[in-house]
Amino acid sequence: MTAVVTGANSGIGLVTAGELARRGAEVVLACRDVGKGERAADRIRGAAPDARLSVRALDLADLGSVRGFAEEIGELDLLVNNAGVMATPYRKTADGFEMQLGTNHLGHFALTGLLLPALLARPRPRVVTVSSGMHRGGRIDFDDLNGERRYRKWGAYSQSKLANLLFAFELQRRAAGTALRSVAAHPGLASTNLQSSESRMTHNRLTDAGWALVARLIAQSADQGALPILYAATEPDLPGGSYVGPGGFVEMRGYPVLVASSAAARDQATARRLWELSEELTGVRYLDDGQAG
Ligand SMILES: NC(=O)c1ccc[n+]([C@@H]2O[C@H](COP(=O)([O-])OP(=O)(O)OC[C@H]3O[C@@H](n4cnc5c(N)ncnc54)[C@H](OP(=O)(O)O)[C@@H]3O)[C@@H](O)[C@H]2O)c1
């Protein structure tokens with residue numbers, strides 16, 4: 001079994017890649033910083049000396065890098081669209097997209113489309129897309145998708161995480177009739193590098209430090225946070241279109257269960273519109289039967 005995990009050098013992606021490798025999967029660690037990826041691979045090998053790992057450069061904020069990465073991948077059974085950035089100051093990707101939408105959604109949209117032939121060549125291919133409970137506050141702002149007129153860093157994060165779910169569910173609909181299963185998952189609140197200085201809630205250092213402390217106290221470990229993603233990646237009978245998250249207090253912690261998504265995430269008209277726009281923006285076209293064009 002061959003798997004690609006994006007953002008595999010840190011947090012949820014590192015645990016996911018490590019556990020898949022420990023159970024015998026051949027794992028490609030897709031990382032924007034190859035040095036960090038190699039250090040992560042060494043860490044995994046420290047606990048699992050037989051792990052079959054390779055590190056490949058993938059910058060989701062650069063479609064040229066996404067294309068270069070996809071060209072190097074042969075057979076593929078499992079793609080875990082995990083990498084993400086949160087609440088970054090206003091920035092653009094190499095292709096001019098707002099950074100959070102560009103990295104979290106558009107980069108993964110392009111990657112999945114380009115890897116679809118490799119996935120569809122396998123008997124039981126699966127795509128897991130990592131969203132967040134914060135998708136609930138999200139709205140796809142088709143009039144200002146890239147936040148050029150008004151940018152709110154948390155709003156942009158929620159928009160990108162809603163886009164992740166709309167994409168995962170629409171992919172499942174479009175893949176009907178193929179063996180592909182598209183599922184989504186979220187880790188609850190997990191202590192990782194995501195809550196870095198980039199994602200300050202306010203501009204007050206003391207308040208930010210307070211928030212960071214609260215998050216550290218409430219959050220579960222990255223190991224625990226990865227469980228819904230691993231469940232979504234490996235549970236044999238999980239139906240396509242499922243959404244998995246932690247079953248404990250307000251889905252912030254606990255063991256994996258099927259969870260509900262917002263009505264906006266299930267809106268098929270929005271999903272279709274976002275899909276078509278994503279094809280136009282990335283230049284990656286999927287055909288109606290789920291094959292990448
Ligand atoms: N932690 C939580 O509480 C939480 C809650 C809900 C959802 N999530 C979701 O879980 C996923 C994993 O996040 P995490 O918590 O594990 O955070 P993390 O520790 O910060 O890991 C994020 C990973 O994404 C990578 N990444 C960022 N930009 C990239 C790009 N342009 N190209 C390729 N890789 C890129 C990072 O690489 P670098 O190390 O080079 O920066 C890192 O490997 C994200 O999708 C996030 O939205 C997390």
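Residues numbered from 1 in each chain as written. Predicted model: local features only at pLDDT ≥ 70, side-chain atom pairs only at ≥ 80, totals over all residues. Heavy atoms only, no water.

Chemist: In this structure, what is going on with the sheet that holds strand S4 (residues 78–81)? I would like to understand it.
Modeler: Strand pairs in the sheet, formed through backbone hydrogen bonds, run parallel or antiparallel to each other. Taking strand neighbours across the sheet as the criterion, the 8 strands line up as S3-S2-S1-S4-S5-S6-S7-S8 in an open arrangement whose pairing is mixed. Every interior strand has two partners, whereas the edge strands, strand S3 (52–57) and strand S8 (256–258), have only one. If you compare each strand with its neighbour and ignore which way they point, the axes differ by 20 degrees on average. Across 3 bridges, strand S7 (residues 243–246) lies against S8 in antiparallel orientation. By the bridge assignment, Pro246 is partnered in S8 with Pro256. Against the sheet, helix H1 (residues 11–22) contacts strand S1 (2–6), strand S2 (26–31), S3 and S4, and its axis sits at roughly 170 degrees relative to S1. Against the sheet, helix H8 (residues 227–234) contacts S4, strand S5 (126–130), strand S6 (181–185), S7 and S8, and its axis sits at roughly 160 degrees relative to S5. (Pairing = 2+ DSSP bridges. Helix = DSSP H or I, 4+ residues; strand = E, 2+ residues; numbered from the N terminus. Axes fitted to C-alpha atoms, helices over the stretch in contact; angles between N-to-C directions. Contact = heavy atoms within 4.5 Å.)

Chemist: Hey, could you run me through helix H9 (residues 268–282) in this one?
Modeler: An α-helix turns once per 3.6 residues; consequently, residues spaced three or four apart project the same way. In this model H9 runs 21 Å from its N-terminal to its C-terminal C-alpha over 15 residues, within 8% of the 21 Å that 1.5 Å per residue would give. Along H9, the residues classified as buried are Ala271, Leu274, Trp275, Ser278, Glu279 and Thr282. Taken down its axis, H9 places every buried residue within 140 degrees of arc, on the same side. Looking at the packing, one finds that the buried side of H9 touches helix H3 (63–71), helix H4 (99–120) and helix H5 (153–174). (Expected span 1.5 Å × (residues − 1). Buried < 20%, exposed > 50% of the residue type's maximum accessible area, 1.4 Å probe, protein only. Arc of directions from axis to C-beta.)

Chemist: Please clarify how the environment of Asp144 should be interpreted in this entry.
Modeler: Here Asp144 is to be found in the loop between S5 and H5. Of note is the side chain of Asp144, whose polar atom sits 2.8 Å from the backbone nitrogen of Glu148. Within the local environment of Asp144, its side chain forms a polar contact with the backbone nitrogen of Arg150, the two atoms lying 3.1 Å apart. (Polar contact = N/O pair within 3.5 Å; in protein donor to acceptor, adjacent residues only side chain to side chain.)

Chemist: Hey, could you run me through a nonpolar patch on the surface in this one?
Modeler: A surface patch of nonpolar side chains, about 370 Å² in accessible area, is lined by Leu213, Val214, Leu217 and Ile218. Counting through the fold element by element, Leu213 comes out in helix H6 (residues 205–218). (Patch = residues over 30% accessible without salt bridge, like charges linked within 9 Å, V, L, I, M, F, W, Y side chains within 5 Å. Areas by Shrake-Rupley, 256 points an atom, 1.4 Å probe, with all protein chains shown as cover. Salt bridge = Lys/Arg side-chain N within 4 Å of Asp/Glu carboxyl O.)

Chemist: Mind showing me how you'd approach the packing of H1 against H8 here?
Modeler: The packing of two helices is summarised by the inter-axis angle and the distance between the axes. Contact geometry of H1 with H8 gives a least axis separation of 9 Å together with a crossing angle of 45 degrees. Of the possible angle classes, the one that applies to H1 and H8 is oblique. Crossing of H1 against H8: the hand is right-handed. Contacts between H1 and H8 pair Ile12, Thr16, Glu19 and Leu20 from the former with Ile229, Leu230 and Thr234 from the latter. Of the residues contributing to the contact of H1 with H8, the split by class is 4 nonpolar, 2 polar and 1 charged. (Parallel < 35°, antiparallel > 145°, perpendicular 65-115°, else oblique. Left-handed = near helix turned anticlockwise from the far one by under 90°. Nonpolar A, V, L, I, M, F, W, Y, C, P; charged D, E, K, R; others polar.)

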